[in-house]
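What follows is each chain in one-letter form.
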Amino acid sequence: MAEPTGLDGEIAGHLPPVARVTQRGRTVSRRCFALNGKRAVMPAFGAYAGGLNVRHRAFAELFGTLAFTAHMLGDERLYAFAAKRCIPD
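Thresholds applied
- Residues numbered from 1 in each chain as written.
- Predicted model: local features only at pLDDT ≥ 70, side-chain atom pairs only at ≥ 80, totals over all residues.
- Heavy atoms only, no water.
- Helix = DSSP H or I, 4+ residues; strand = E, 2+ residues; numbered from the N terminus.
- Rg over C-alpha atoms; globule rule 2.2 N^0.38 Å.
- Buried < 20%, exposed > 50% of the residue type's maximum accessible area, 1.4 Å probe, protein only.
- Pairing = 2+ DSSP bridges.
- Phe/Tyr/Trp six-rings, centres within 6.5 Å; stacked < 30°, edge-to-face > 60°.
- 1 Å grid on protein atoms, 1.4 Å probe; cavity = no way out; pocket = protein on both sides within 12 Å on 5 of 7 lines; lining within 4 Å.
- Points joined across faces, edges and corners; volume = space filled by probe spheres on them.
- Nonpolar A, V, L, I, M, F, W, Y, C, P; charged D, E, K, R; others polar.
- Contact = heavy atoms within 4.5 Å.

Novice: Describe the overall build of the protein, and please don't skip the residues or the numbers.
Specialist: Of the regular secondary structure elements, the protein holds 1 helix and 7 strands. For the protein, the α and β elements follow one another from N to C terminus as β-β-β-β-β-α-β-β. Scaling as 2.2 N^0.38, a compact globule of 89 residues should have a C-alpha radius of gyration of about 12 Å, and the protein matches this with 12 Å. With the principal axes as the frame, the protein shows a C-alpha extent of 40 × 30 × 25 Å.

As structure tokens, this is what we get:
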């Protein structure tokens, strides 16, 4: 599991991130990768895997701030959004 004191280059998967954004009047919630250039948190893909909103305090504690990017999974590509632009639950 990712820890706030982890080393640069850490890749973790125990906080399956989900991002919510409003785009063109629609709110979309999708699994995502959370990255800040030093650490990465991978999304969960299992049928029973839930998700933790990237605006949850666990991500701010992990990355130090909300200065990371959520790369949301689309049907054919990834969509990048600053974590501060994502909507909390």
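Novice: Quick one: what's the story with unusual backbone geometry, residue by residue and with numbers?
Specialist: Within the chain, Arg24 stands out as a residue other than glycine whose phi angle is a positive 55 degrees. With respect to the element layout, Arg24 can be found in the loop between β2 (17-23) and β3 (26-35). Look at Arg24 and you get exposed, because its relative accessible area is 82%.

Novice: Could you give an account of the pairing of β2, with specific residues and numbers?
Specialist: Both β2 and strand β5 (residues 52-53) contribute to a ladder of 2 bridges, which runs parallel. For Val18, the partnering residue across the bridge sits in β5 and is Asn53. For β2 and β3, the ladder comprises 6 bridges, and the chain directions are antiparallel. Bridged to Thr22 within β3 is Thr27. Joining the antiparallel neighbours β2 and β3 is a turn of 2 residues, in which Arg24 adopts a positive phi near 55 degrees.

Novice: An account of the packing of aromatic side chains is needed here, citing residue identities and associated values.
Specialist: Enumeration according to the criterion identifies 2 aromatic pairs in this entry. Ring plane angle 35 degrees and centroid distance 6.2 Å describe the contact between Phe59 and Phe68, whose orientation is recorded as tilted. With respect to class, Phe59 is no different from Phe68; both count as buried. The class for Phe68 is buried, based on a relative accessible area of 3%. Here a set of aromatic residues connected by ring pairs shows up, and it is made of Phe59, Phe63 and Phe68.

Novice: So what about the layout of surface pockets? Which residues, and what values?
Specialist: To find the voids left in a structure, one rolls a probe of water-molecule size over its atoms. By volume, the largest pocket amounts to about 290 Å³. Around the largest pocket, the lining residues are Val21, Gln23, Arg24, Arg26, Val28, Arg30, Met72, Leu73, Gly74, Asp75, Tyr79 and Phe81. Mapped by element, the contributors of at least two residues to the lining of the largest pocket are β2, β3, β6 (69-73) and β7 (78-82). For the lining of the largest pocket, the leading source of residues is β3, giving 3 residues. In terms of residue class, the lining of the largest pocket is made up of 6 nonpolar, 2 polar and 4 charged.

Novice: Lay out the environment of Ala34 in plain terms, naming residues and giving numbers.
Specialist: Structurally, Ala34 is set in strand β3. Non-local contacts of Ala34, meaning those with residues more than four positions away in its chain, are made with Pro17, Arg39, Ala40, Val41, Phe59, Phe63, Phe68 and Thr69.

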